[in-house]
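As a plain string of letters, each chain reads:
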Amino acid sequence: MAINPSIITRDLDKVADKTGNIYESLHIVGQRAKQISTNLKEELNNKLSEFASTVDNLEEVFENKEQIEISKFYERMPKPSTMAMEEFMEDKVYFRFPEQEVAE
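Residues numbered from 1 in each chain as written. Predicted model: local features only at pLDDT ≥ 70, side-chain atom pairs only at ≥ 80, totals over all residues. Heavy atoms only, no water.

What to know about the packing of aromatic side chains
Inclusion rule: Only Phe, Tyr and Trp rings take part, Trp by its six-membered ring, and two of them pair if their centres are within 6.5 Å. Stacked means planes under 30 degrees apart, edge-to-face means over 60, and tilted covers everything else. Buried residues are those whose accessible area, probed at 1.4 Å on protein chains only, stays under 20% of the maximum for their type, while exposed residues exceed 50% and partly exposed ones sit between those limits.
Here the structure, examined in full by the defined rule, presents two aromatic pairs. For the pair Phe 73 and Tyr 74, a centre-to-centre distance of 5.4 Å together with 90° between the ring planes defines the contact as edge-to-face. Note on Phe 88 and Phe 95: the rings are 5.9 Å apart at their centroids and 40° apart in plane angle, and the pair reads as tilted. By relative accessible area, which is 2% here, Phe 88 ends up buried.

Below, the structure is given as structure tokens:
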């Protein structure tokens with residue numbers, strides 16, 4: 001991933017310039033972050049479901065190194081909000097305003 005996982009100070013004017021309103025920009029970023037989060041959770045659950053155990057006895061459950069590595073990989077990934085902001089600032093997020101389309 002090319003996204004820097006650390007916290008970055010953003011110029012709010014640049015964020016607001018994309019839509020003309022900082023609140024609309026942040027709403028779009030928030031919605032995209034929600035999409036990314038949902039996709040990542042689904043992807044992680046699908047990968048971990050391969051290791052699902054039907055045994056309820058804790059003594060019989062063993063640690064699977066592959067499962068641990070998969071979990072650690074997802075923990076090290078940048079947060080969905082960071083990924084969404086990067087996409088938004090690089091114009092990789094498509095958004096539209098339906099109420100404006102109706103008026104035109």
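Some words on the nonpolar core
This is how it is decided: Only buried Ala, Val, Leu, Ile, Met, Phe, Trp, Tyr and Cys residues count toward a nonpolar core, and they belong to the same one when joined by side-chain atoms within 4.5 Å. Strands are runs of DSSP state E lasting at least 2 residues, helices are runs of H or I lasting at least 4, and numbering of each runs from the N terminus. Any two residues having at least one pair of non-hydrogen atoms within 4.5 Å are treated as being in contact.
Leu 40 and Phe 88 are the most contacted members of the largest nonpolar core, which totals 19 residues. Of all the secondary-structure elements, those providing two or more residues to this core are helix H1 (12-17), helix H2 (22-49), helix H3 (65-76) and helix H4 (80-89). Per-element accounting of this core gives the leading share, seven residues, to H2. Each residue touching Leu 40, except ones within four places of it in the same chain, is listed here: Tyr 74, Met 77 and Met 83.

Observations regarding the pattern of salt bridges
Here is the rule: Here a salt bridge means any side-chain nitrogen of Lys or Arg lying within 4 Å of a carboxyl oxygen belonging to Asp or Glu.
Tallying each qualifying case throughout the model produces five salt bridges. In this structure, Arg 10 and Glu 86 form a salt bridge, with 2.7 Å as the shortest nitrogen-oxygen distance. Note that Arg 10 is positioned in the segment before H1 and Glu 86 in helix H4, a separation of 76 residues in sequence. Look at Arg 10 and you get partly exposed, because its relative accessible area is 28%.

Some words on the side chain of Glu 87
Among the structural elements, Glu 87 can be located in helix H4. Take Glu 87: its relative accessible area is 19%, and that puts it in the buried class. Dropping the residues within four chain positions of it, Glu 87 is found in contact with Arg 32, Ile 36, Lys 92 and Val 93.

Re the packing of H2 against H4
The relative placement of two packed helices comes down to the angle between their axes together with the axis-to-axis distance. Just so we agree on the cut-off: Geometry is summarised by axes, namely lines fitted to C-alpha atoms with helices restricted to the contacting stretch, and by angles between N-to-C directions that run from 0 to 180 degrees. Each angle gets one of four labels, with under 35 degrees taken as roughly parallel, over 145 as roughly antiparallel, 65 to 115 as roughly perpendicular, and the rest as oblique. A clockwise turn of the near helix away from the far one marks a right-handed crossing, whereas an anticlockwise turn of less than a right angle marks a left-handed crossing. Under the scheme applied, nonpolar residues are Ala, Val, Leu, Ile, Met, Phe, Trp, Tyr, Cys and Pro; charged residues are Asp, Glu, Lys and Arg; polar residues are all the others, including Gly.
Running from N to C, H2 and H4 cross one another at 125°; their axes reach a closest spacing of 8 Å. As the angle between them shows, H2 and H4 are arranged oblique. H2 and H4 meet at a crossing whose hand is right-handed. On H4, the residues that touch Ser 25, Leu 26, Ile 28, Val 29, Arg 32, Ala 33, Ile 36, Ser 37 and Leu 40 of H2 are Pro 80, Ser 81, Met 83, Ala 84, Met 85, Glu 87 and Phe 88. Residue composition of the contact of H2 with H4, by class: 11 nonpolar, three polar and two charged.

Comments concerning H2
Condition: A helix is expected to span 1.5 Å for every residue after the first. In protein, a polar contact requires one atom able to donate a hydrogen and another able to accept it; more generally it is a pair of N or O atoms within 3.5 Å, and residues adjacent in sequence count only if both atoms are side-chain atoms.
For H2, spanning 28 residues, the distance from its first C-alpha to its last is 40 Å, which sits close to the expected 40 Å at 1.5 Å a residue. Turning to H2, its buried residues number three or more, namely Ile 22, Ser 25, Ile 28, Val 29, Ala 33, Ile 36, Leu 40 and Leu 48. Here the buried face of H2 lies against H1, H3 and H4. For H2, the N-terminal cap is Asn 21; the gap from its side-chain oxygen to the backbone nitrogen of Tyr 23 is 2.8 Å.

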